[in-house]
Amino acid sequence: MAITKYEPSCPIGGTLNVFAGRWKPEILWHLKDEKMRFNQLQKSIGAVSQKMLTQQLRELERDGLVKRTQYPEIPPRVEYECTDLAKSLEPIFEVLVQWHDKYGDEVRQAQQRYDNQ
């Protein structure tokens, strides 16, 4: 599979490119404290399709944020977990949670005003 190389114009873009994506933050959030199997992770997230979850997990694995372990069992068992590199993002996620707690309602109100125009 060919990967298109993205060259960010600033350090923030480069950082966000690693963990931003429709489902990547939620995947990392659910894996932060425990290993999970694919179906368990998909149920925890909810609305993500199998195809999209697979794609996002592969990208996170490629970037070194998620470790995939396949056990030689029948039926095969695969578990996903955060790497130490992913765990280094926890302070960033904590700040994002704090921002959401402080400004989430304001953002929703702005969205509602915009949508009602």
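What counts, and at which threshold
Within any chain, residue numbers begin from 1 and follow the written order of that chain's sequence. Totals for whole chains, interfaces and linings use all residues, but because this is a predicted model, local features are given only for residues with pLDDT of at least 70 and pairs of side-chain atoms are given and counted only at 80 or more. Computation of side-chain values covers all heavy atoms of the structure but excludes hydrogens and water. Between the N-to-C directions of two axes lies an angle of 0 to 180 degrees, each axis being a line fitted to C-alpha atoms and, for a helix, fitted only over the stretch in contact. The secondary structure listing takes helices from DSSP runs of H or I that are at least 4 residues long and strands from runs of E that are at least 2 residues long, numbered from the N terminus. For classification, angles of less than 35 degrees are called roughly parallel, those exceeding 145 degrees roughly antiparallel, those between 65 and 115 degrees roughly perpendicular, and all remaining angles oblique. We call two residues in contact whenever any of their non-hydrogen atoms come within 4.5 Å of each other. Gly is put with the polar residues, along with every residue not named as nonpolar or charged; the nonpolar set is Ala, Val, Leu, Ile, Met, Phe, Trp, Tyr, Cys and Pro, and the charged set is Asp, Glu, Lys and Arg. A pairing counts as a salt bridge when a side-chain nitrogen of Lys or Arg comes within 4 Å of a carboxyl oxygen of Asp or Glu. Burial classification: accessible surface area is computed with a 1.4 Å probe over protein chains only, and a residue below 20% of its type maximum counts as buried, one above 50% as exposed, and the rest as partly exposed. In this text, buried Ala, Val, Leu, Ile, Met, Phe, Trp, Tyr and Cys residues form a nonpolar core when linked through side-chain atoms within 4.5 Å. Polar contacts here mean pairs of N or O atoms no more than 3.5 Å apart (in protein, one a potential hydrogen donor and the other a potential acceptor; neighbouring residues in sequence count only if both atoms are side-chain atoms).

## Digging into the packing of helix α2 (residues 24-31) against helix α4 (residues 50-62)
Any two packed helices are characterised by how steeply their axes cross, that is the angle between the axes, and by the distance between the axes.
Consideration 1: α4 packs onto α2 with a crossing angle of 75° between their chain directions and a minimal axis gap of 10 Å. Classified by the angle their axes make, α2 and α4 are roughly perpendicular. Contacts between α2 and α4 involve K24, I27 and L28 from the first element and L53, Q56, L57, E59 and L60 from the second.
Consideration 2: Grouping the constituent residues of the contact of α2 with α4 by class yields 5 nonpolar, 1 polar and 2 charged.

## Points about the pattern of salt bridges
Consideration 1: Using the criterion set out here, one finds 8 salt bridges in the structure.
Consideration 2: With a shortest N-O distance of 2.9 Å, E59 and K24 are connected by a salt bridge. Here E59 is found in helix α4, whereas its partner K24 is found in helix α2, with 35 residues between them in sequence.
Consideration 3: On the accessibility criterion, E59 (27% relative accessible area) is partly exposed.
Consideration 4: Notably, a salt bridge pairs R77 with E73, separated by 3.0 Å at the nearest N-O pair.
Consideration 5: Several salt bridges converge on common partners, so that one network encompasses E73, R77 and E79.

## Quick word on the nonpolar core
Consideration 1: By size, the foremost hydrophobic cluster in this structure holds 21 residues, and its most contacted members are I27, L28, L31, L41, L53 and L57.
Consideration 2: Counting only elements with at least two residues in this core, the list comes to α2, α3 (38-45), α4 and β3 (77-82).

## Notes on the side chain of E79
Consideration 1: Here E79 shows up in strand β3.
Consideration 2: Classification of E79 as buried rests on a relative accessible area of 15%.
Consideration 3: Here the side chain of E79 touches R77 through a polar contact of 3.1 Å, side chain to side chain.
Consideration 4: Setting aside its immediate chain neighbours within four residues, E79 contacts K35, M36, R37, K67, R68, T69 and Y71.

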